[in-house]
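A look at the structure
One letter stands for each residue in the lines below.
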Amino acid sequence: GESVGLHLPTLSVQEGDNSIINCAYSNSASDYFIWYKQESGKGPQFIIDIRSNMDKRQGQRVTVLLNKTVKHLSLQIAATQPGDSAVYFCAEGSGTYKYIFGTGTRLKVLA
Amino acid sequence: GAVVSQHPSRVICKSGTSVKIECRSLDFQATTMFWYRQFPKQSLMLMATSNEGSKATYEQGVEKDKFLINHASLTLSTLTVTSAHPEDSSFYICSARGGGTIGIDTQYFGPGTRLTVL
């Protein structure tokens, strides 16, 4: 049968505030990092990516920060909206094109 | 751009039957597609890497005779769950590797297929 579901870390944020979701990655050889958003019952949706030769990249309302020294990745969402409520996964990749996914963080936006 | 579709979105079948799931890249060609499995409240688990025109590469612990993968064209990969049993019930998601925005091909995901085996 299926495994017992794990309790995902949850971040609760007031609507309009900024959100910061963190991720620790495992492989120091990873050279490409991606953030995905997954709503219930749907597939992951690409948000933003960054290469290892960058430390910051901005998109529309989102910013990804990469700290290779401590193997840490973060996703910042500005002016969080109810539609941002979802589970967010970071993923790391390298030359094999296979991704390693993080465990995920649930973002809850409070009205 | 970078749209990936899956069909069916939901399937219920009897134990012992086989189920085929299709994954299509709609607006780009994907030489590589990936198949994942996801249990509730868990992350994605890679099952296999599918390359157009060649045999799929399976991850450790995934039975290749159980989960048949065919990647016949640059826009279509199929996953067939053979002789399905209740423990195969899960959310199956495909992704297709395509053009990204910073010179690296990114994986774009399909909407997933919920398989329930009775």
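In the block above lies the structure referred to throughout.
Residues numbered from 1 in each chain as written. Chains lettered and ligands numbered in written order. Predicted model: local features only at pLDDT ≥ 70, side-chain atom pairs only at ≥ 80, totals over all residues. Heavy atoms only, no water.

1. A word on the interface of chain A and chain B
- Facing the 27 residues of chain A at the interface are 29 residues of chain B.
- When the two sides are added together, the surface that chain A and chain B hide from each other amounts to roughly 2,400 Å², 57% of it contributed by carbon and sulfur.
- At the boundary of chain A and chain B, one finds 1 salt bridge.
- Counting the contacts that link chain A with chain B gives 8 residue pairs in polar contact (both at pLDDT 80 or more). (Contact = heavy atoms within 4.5 Å. Buried area = accessible area lost by both parts, 1.4 Å probe. Salt bridge = Lys/Arg side-chain N within 4 Å of Asp/Glu carboxyl O. Polar contact = N/O pair within 3.5 Å; in protein donor to acceptor, adjacent residues only side chain to side chain.)

2. Observations concerning the sheet that holds strand β1 (residues 4-7) of chain B
All names here are of chain B.
- Reading across the sheet, the 4 strands line up as β1-β3-β8-β7 and stay open at both edges, with antiparallel pairing between neighbours. Every other strand in the sheet has two partners, leaving β1 and β7 (67-73) as the edge strands with one partner each. Taking each pair of neighbouring strands and ignoring which way they run, the sheet shows an average axis angle of 15°.
- As paired strands, β1 and strand β3 (residues 19-25) are joined by 4 bridges and run antiparallel to one another. By the bridge assignment, S5 is partnered in β3 with R24. (Pairing = 2+ DSSP bridges. Helix = DSSP H or I, 4+ residues; strand = E, 2+ residues; numbered from the N terminus. Axes fitted to C-alpha atoms, helices over the stretch in contact; angles between N-to-C directions.)

3. Considerations on the packing of aromatic side chains
- Enumeration over the complete set of coordinates arrives at 13 aromatic pairs over all chains.
- Between F46 of chain A and Y108 of chain B, the aromatic rings sit 5.6 Å apart at their centres with planes inclined by 55°, giving tilted as the arrangement. Of the two residues, F46 of chain A is situated in strand β4 (residues 45-51) and Y108 of chain B in strand β10 (residues 106-109); the pairing between them involves two chains.
- An aromatic cluster of at least three residues, connected via ring pairs, comprises Y32, Y36, F46, F89, Y99 and F101 of chain A together with F28, Y36, Y108 and F109 of chain B. (Phe/Tyr/Trp six-rings, centres within 6.5 Å; stacked < 30°, edge-to-face > 60°.)

4. Looking at the sheet that holds strand β6 (residues 62-67) of chain A
Residues and elements named next belong to chain A.
- Ordered in space as β2-β7-β6-β5, the 4 strands form an open sheet in which the pairing is antiparallel. Looking at the sheet topology across the chains shown, the edges are occupied by β2 (19-24) and β5 (56-58). Ignoring strand direction, the axes of neighbouring strands in this sheet form an average angle of 15°.
- Bridging between β6 and strand β7 (residues 72-77) involves 6 bridges; their strand directions are antiparallel. Bridge pairing in β7 places L65 opposite S74.

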